[in-house]
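# Coordinate inspection notes
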Amino acid sequence: MQKITPFLWYNDQAEEAAKLYTSLFKNSSIGKVSRYPPGVPGQEGKVMTVEFTLDGQEFIALNGGPHYSFTPAVSMFIQCETQAEVDTLWDALTAGGSIDKCGWCRDKFGLSWQVVPKGLQELMQDKDPGRAKRATMAMMQMEKLDIAAMEAAANGN
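I will try to describe carefully the structure that is included in this document.

### Observations concerning the layout of surface pockets
Computed from the structure, the largest pocket encloses a volume of approximately 430 Å³. Along its surface, the largest pocket is lined by 15 residues, and Phe25, Leu54, Asp55, Phe77 and Ile78 are the ones closest to its centre. Contributing elements (two or more residues each) for the lining of the largest pocket: strand 4 (57-63), strand 5 (75-80) and helix 2 (83-94). The dominant element in the lining of the largest pocket, judged by the number of residues it contributes, is strand 5, at 4 residues. Each residue belonging to the lining of the largest pocket can be placed in one class, and the counts come to 9 nonpolar, 3 polar and 3 charged.

### A word on the environment of Lys32
Assignment of secondary structure puts Lys32 in strand 2 (residues 29-35). Lys32 gets classed as exposed once you look at its relative accessible area, which sits at 54%. Not counting the four nearest positions on each side in its chain, Lys32 is found in contact with Thr49, Val50 and Glu51.

What counts and how
- Residues numbered from 1 in each chain as written.
- Predicted model: local features only at pLDDT ≥ 70, side-chain atom pairs only at ≥ 80, totals over all residues.
- Heavy atoms only, no water.
- 1 Å grid on protein atoms, 1.4 Å probe; cavity = no way out; pocket = protein on both sides within 12 Å on 5 of 7 lines; lining within 4 Å.
- Points joined across faces, edges and corners; volume = space filled by probe spheres on them.
- Helix = DSSP H or I, 4+ residues; strand = E, 2+ residues; numbered from the N terminus.
- Nonpolar A, V, L, I, M, F, W, Y, C, P; charged D, E, K, R; others polar.
- Buried < 20%, exposed > 50% of the residue type's maximum accessible area, 1.4 Å probe, protein only.
- Contact = heavy atoms within 4.5 Å.

Here you go:
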């Protein structure tokens, strides 16, 4: 197990969430699933934790009840290789969830994601301040990020 593992608290959807996430990313799988034993808080026999890996990154999900919920203060940042990957992940993660600006969204479980095309940082940190500003301003108007549109804006088109 890696030294630092994100631990995600769900009401009662940890296994469903892990199944969705592992279906979206290569090199992903569900590992150990533990169940609530008799005599402890929680529903005996129901899933307590799910260990899973997303593209090599380990996670643990807990069915901990309604005491806590996710906020956008913590999000999963996905750097996508292509616009097609952005489109595919965006569609899957926003299904039943919600959309925000600048490539941010929430999945149906409430977890926030940033779906970002490779090259965005370079555009926003361009040595030419005008290009960087135009790219950033274009990005701030978008919901799902479109790298071609940001590049066109950076070029003044």
